[in-house]
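# Geometric and topological summary
Each chain, letter by letter, is given below.
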Amino acid sequence: MGRKLLLHNQNVPGINTLEVYRTHGGYASVEKALKTMTPDQVTEEVKKSGLRGRGGAGFPTGMKWSFLAKPEGVPRYLVCNADESEPGTFKDRWLMEKIPHALIEGMITSSYALGARLSYIYIRGEYFYVARILENAIKEAYAAGWLGKNILGTDYSLDLSVQVGAGAYICGEETALLESLEGKRGNPRIKPPFPAVAGLWGCPTVVNNVETIAAVVPIVNEGGEAYAKIGVGKSTGTKLISASGHINNPGVYEIELGVPVEEFIFSNEYCGGIRNGKKLKAVVAGGSSVPILPTDLILKTAKGEPRLMTYESLSDGGFQTGTMLGSGGFIVMDEDTSIVKNLYTFARFYHHESCGQCSPCREGTGWMEKILHKILSGKGTLQDVDLLWDIQSKIEGKTICPLGEAAAWPVAAAIRHFRSEFEAYVKNPASIKDVHHYYRLHNLAEA
Amino acid sequence: MGAQVHGVQKFDKEKRQAIQFSEKAMEEIKEIISHYPDGKQKSAVIPVLHIAQAENNGWLSAEVMDKVAELLKIKSIEVFEVASFYSMFNLKPVGKCVLEVCRTSSCWLCGAEDVVRHIEKKLGIKDGETTKDGMFTLKTVECLGSCGTAPMLQCGASYHENLTIEKVDALIDKYRSEGRSRFYTDKDYQNTL
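Residues numbered from 1 in each chain as written. Chains lettered and ligands numbered in written order. Predicted model: local features only at pLDDT ≥ 70, side-chain atom pairs only at ≥ 80, totals over all residues. Heavy atoms only, no water.

Check the secondary structure of chain A and you find 19 helices and 11 strands. The C-alpha radius of gyration computed for chain A amounts to 22 Å, which stays within 12% of the reference 22 Å derived for 447 residues, consistent with globular compactness. Principal-axis analysis of the C-alpha atoms gives chain A an extent of 75 × 50 × 45 Å. For chain A, with 447 residues in total, the buried portion stands at 63%. Restricting to contacts in chain A with at least 6 residues of sequence separation, those with at least 24 account for 70%. Of the side chains in chain A, 47 bear a positive and 48 a negative charge, and the two mean positions are spaced by 2 Å. (Helix = DSSP H or I, 4+ residues; strand = E, 2+ residues; numbered from the N terminus. Rg over C-alpha atoms; globule rule 2.2 N^0.38 Å. Buried < 20%, exposed > 50% of the residue type's maximum accessible area, 1.4 Å probe, protein only. Contact = heavy atoms within 4.5 Å. Lys, Arg positive; Asp, Glu negative; His and termini not counted. Charge placed at Lys NZ, Arg CZ, Asp CG, Glu CD.)

Here you go:
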């Protein structure tokens, strides 16, 4: 059993209330930071911890914080990115729903470190009910004096509120999120300037993922060095993994970074193996954007070493034979899965979610969806497979924001590792009918 | 967002005059505006549009958007720009219950297409259509962050997860008897998983 720093109390009855959360050590990091540490000391602990952004990019959080510009007389903001929309990812929702005060505590401690007096949690619109849970928790925190004026009698004051979005994957990109928070369309901004210099309403802003902010709590409580001792190398601490697909135990798991992928998939402590006794075919290890890997490459690196759940091990071999930890959205597919059809659901997703600003993404995502649809309709040609490859290569690196890469990478990886499946669909369209494009629910008796 | 393509809505001055949000909605709007610094009330446009949509049978007419612009002291076009970008805003009338079935990877892997086909057959509508009695609209949507509990659908503010055909049937019966979905703006709203 690995150490748990975020979800250790998830099964305590009433942990969603301030009272129970407090009796289990909640808000200790706020007391420690505000009463015994300077803001810079808090940032220093986060740097020492080696914590990396948990939203997907894995950028060192302490470094991001230290980039924040601090001009005199200009407000600074902390914005929590709770726009969790990467297909396969549902860990933030889990954390906010089960232990809302963990996020609020992290927001207070982090806002103190950054000198923010007004902070926001931007949550995706579909998570309405989670927004309500957070709003209620914020009310409790205000009533108990953890938010508002002169917290714990210090001269530090903080206001915190929740902003709901309205259904746009792109708003998980930090500059699009800030546009949305300003009440505009979620079109990403050209960088530089980075949000650390000109973010919300043109003021210096830090945008961090829910899990990142929640991880600040144990880091402050136990010290950055203690946190850095968990994990392997530059992958320190624990990570929430959202496991879904054809496994026996889908759900959110907090792992110490460094668990072998094979153990994660097959151990009963985690995914519990492939359901219905089927064999493993492929895994998307870090949310829809990261390259899909076939069984042999997800369990072992090209060098034959066991693949571990760390940033470095998952990306070992680059995109030729590796993938990324990403957001930790772990989608498992069994032997009957059509990789082409799964890719089609991704391509359709990115086409739907492209904001339309940059032509390569706006047009390219549409063409990729159309070509995949053509192949699945039995009308594809071998040239179509090459065309798909060509289009994805012309989106990557040519857009304002990383949605272009996110749309291109899954297409490239599916062709790279499963080209024969595309070719089989083209050469023998009748075989498409044999592939399980969908799974009958166990109790479906369709006439 | 490529999802919604819409024609130009006619603007009816009389309808616009008649628009009035409930007292509860106005209270909530005032509270939301207070979350932002002075002069930054435009930031409230998305949450306020959610309330406006709930007040207007689940969709945003040109008149309703104009009312929102007035409340936030911004131009109507600024509201329309936002409303037409985000997929949760309906710019056409919808049924009293909008069944939004997730179709992306994990949900597809676990049988989302069966759920869609079953609903289509049961209600006699296709994806994007509304039943003749105006009760149900079926909409397939992209990942709703419920991948570990797939397949799933959202109706109003409620998530319905680990769906089976029986569960879908029971849900449709339940919504039919209740008359409408629950919006998050309902004060007594509780998620009914």
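The next subject is the domain arrangement of chain A. It is common to give the size of an interface as the accessible area that goes away when the parts come together. All names here are of chain A. Split into domains, chain A comes out as domain 1 (18-229), domain 2 (234-334) and domain 3 (339-434). For domain 1 and domain 2, the distance between their C-alpha centroids amounts to 27 Å. Facing 21 residues of domain 1, the contacting portion of domain 2 comprises 24 residues. Roughly 1,600 Å² of surface becomes buried between domain 1 and domain 2 when both sides are summed, with 52% attributable to carbon and sulfur atoms. Its largest share of buried area at the contact with domain 2, domain 1 owes to Arg52, Arg54 and Phe90, together 31% of the area lost on that side. Taken together, the connections running from domain 1 to domain 2 amount to 2 salt bridges. Note that Glu312 is salt-bridged to Arg52, the shortest N-O span being 2.8 Å. Remark: the boundary between domain 1 and domain 2 carries 15 residue pairs in polar contact (both at pLDDT 80 or more). A per-element tally of the side of domain 1 that touches domain 2 places helix 5 (residues 91-98) first, with 3 residues. Residues that form the side of domain 1 that touches domain 2 fall into these classes: 8 nonpolar, 8 polar and 5 charged. (Domains from an automatic or database assignment. Buried area = accessible area lost by both parts, 1.4 Å probe. Salt bridge = Lys/Arg side-chain N within 4 Å of Asp/Glu carboxyl O. Polar contact = N/O pair within 3.5 Å; in protein donor to acceptor, adjacent residues only side chain to side chain. Nonpolar A, V, L, I, M, F, W, Y, C, P; charged D, E, K, R; others polar.)

Turning our attention to the interface of chain B and chain A. If you look at the interface, chain B gives 57 residues, while chain A gives 70 residues. Taken together, the two surfaces of chain B and chain A that pack against each other cover about 5,200 Å², and 57% of this comes from carbon and sulfur. Joining chain B to chain A, the criterion identifies 3 salt bridges. Counting across the chain B and chain A interface gives 24 residue pairs in polar contact (both at pLDDT 80 or more). When residues of the side of chain B that touches chain A are traced back to their parent elements, those giving at least two are helix 3 (45-55), helix 5 (76-83), helix 6 (105-109), helix 7 (112-123) and helix 8 (165-178) of chain B. In terms of residues, the side of chain B that touches chain A owes the most to one element, helix 7 of chain B, which gives 5 residues.

Time to look at the sheet that holds strand 10 (residues 292-294) of chain A. Residues and elements named next belong to chain A. With respect to topology, 5 strands assemble into an open sheet ordered 8-7-11-9-10, the strand pairing being mixed. Both outer strands of the open sheet, strand 8 (251-256) and strand 10, are each paired with one neighbouring strand and no more. Looking at each pair of strands side by side, their axes are set apart by 30° on average, direction ignored. Where strand 9 (residues 280-284) lies against strand 11 (residues 329-334), 4 bridges are found, and the strand directions are antiparallel. Of the residues in strand 11, the one forming a bridge with Val283 is Val332. Helix 18 (residues 403-427) contacts strand 9 and strand 10 of the sheet and is inclined by roughly 45° relative to strand 10. (Pairing = 2+ DSSP bridges. Axes fitted to C-alpha atoms, helices over the stretch in contact; angles between N-to-C directions.)

Further remarks concern the nonpolar core. Ile123(A), Phe422(A), Leu49(B) and Tyr86(B) are the most contacted members of the largest nonpolar core, which has 163 residues in total. At 12 residues, the largest contribution of residues to this core is made by helix 18 of chain A. Not counting the four nearest positions on each side in its chain, Phe422(A) is found in contact with Val340(A), Leu343(A), Leu372(A), Ile375(A), Val385(A), Leu388(A), Ala414(A) and Ile415(A). In this structure, Val261(A), Leu314(A), Leu325(A) and Phe330(A) belong to the second largest nonpolar core, which totals 26 residues. (Core = buried A, V, L, I, M, F, W, Y, C linked by side-chain atoms within 4.5 Å.)

So, about the sheet that holds strand 4 (residues 158-160) of chain B. Residues and elements named next belong to chain B. Pairing within the open sheet is mixed, and its 4 strands lie in the order 2-1-3-4. Pairing within the sheet leaves two strands with one partner each, and these edge strands are strand 2 (136-141) and strand 4. Averaged over all pairs of adjacent strands, the angle between strand axes in this sheet comes to 25°, irrespective of strand direction. One ladder, built from 3 bridges, connects strand 1 (residues 97-102) with strand 3 (residues 153-155); its direction is antiparallel. Within the sheet, the bridge partner assigned to Leu99 lies in strand 3 and is Cys155.

Right, let's talk about the state of the cysteines for a bit. Here a disulfide denotes a covalent bond joining the sulfur atom of one cysteine to the sulfur atom of another. All names here are of chain B. The tally for this structure, following the rule as stated, stands at 0 disulfides over all chains. In this model Cys110 remains outside any disulfide bridge; the closest cysteine sulfur is found in Cys107, 7.2 Å from its own. What makes Cys110 buried here is its relative accessible area of 9%. (Disulfide = S-S within 2.5 Å.)

A word on the domain arrangement of chain B. Its domain assignment divides chain B into domain 1 (4-85) and domain 2 (97-178). If you average the C-alpha positions of domain 1 of chain B and of domain 2 of chain B, the two centres end up 28 Å apart.

Residues and elements named next belong to chain B. Orientation of helix 2 (residues 23-33) relative to helix 3, taken along the N-to-C sense of each, is 175°, at an axis distance of 10 Å. When the axis of helix 2 is compared with that of helix 3, the two are roughly antiparallel. Residues Ala25, Glu28, Ile29 and Ile32 of helix 2 form the contact with helix 3, whose own contacting residues are Pro47, Val48, Ile51 and Glu55. (Parallel < 35°, antiparallel > 145°, perpendicular 65-115°, else oblique.)

Below, the discussion takes up the environment of Ile33(B). All names here are of chain B. Considering the arrangement of structural elements, one finds Ile33 in helix 2. For the pair Ile33 and Glu100, spaced 67 residues apart in sequence, the C-alpha separation works out to 29 Å. Dropping the residues within four chain positions of it, Ile33 is found in contact with Gln41, Ala44, Leu71 and Leu72.

Within strand 4 (residues 205-209) of chain A, 5 of the 5 residues are buried, leaving the element largely enclosed by the surrounding structure. Because side chains alternate across strand 4 of chain A, one face comprises the buried residues Thr205(A), Val207(A) and Asn209(A), and the other comprises Val206(A) and Asn208(A), equally buried.

Residue and element names in this part refer to chain B. Predicted confidence across chain B gives a mean pLDDT of 90, with 91% of residues reaching 70 or more. Low pLDDT, under 50, characterises residues 1-5; the stretch is placed with 16 contacts to residues that sit more than four places away or in other chains. With pTM at 0.95, the complex prediction returns an ipTM value of 0.93. (pLDDT = per-residue confidence, 0-100.)

One pass over the structure, following the stated rule, counts 19 aromatic pairs over all chains. Between Phe264(A) and Phe330(A), the aromatic rings sit 5.0 Å apart at their centres with planes inclined by 85°, giving edge-to-face as the arrangement. On the criterion of sequence distance, the pair formed by Phe264(A) in helix 11 (residues 261-266) and Phe330(A) in strand 11 is long-range, its members being 66 residues apart. Grouping residues by exposure puts Phe264(A) and Phe330(A) together as buried. Members of the aromatic cluster, connected to one another through ring pairs, are Tyr77(A), Tyr120(A), Trp201(A) and Tyr36(B). Its guanidinium or amino end placed over the ring of Tyr311(A), Arg52(A) lies 4.0 Å from that ring's centre, counting from NZ or CZ. A cation over an aromatic ring shows up here: Lys98(A) above the ring of Trp94(A), its NZ or CZ 4.6 Å from the ring centre. (Phe/Tyr/Trp six-rings, centres within 6.5 Å; stacked < 30°, edge-to-face > 60°. Lys NZ or Arg CZ within 6 Å of the ring centre and 35° of its normal.)

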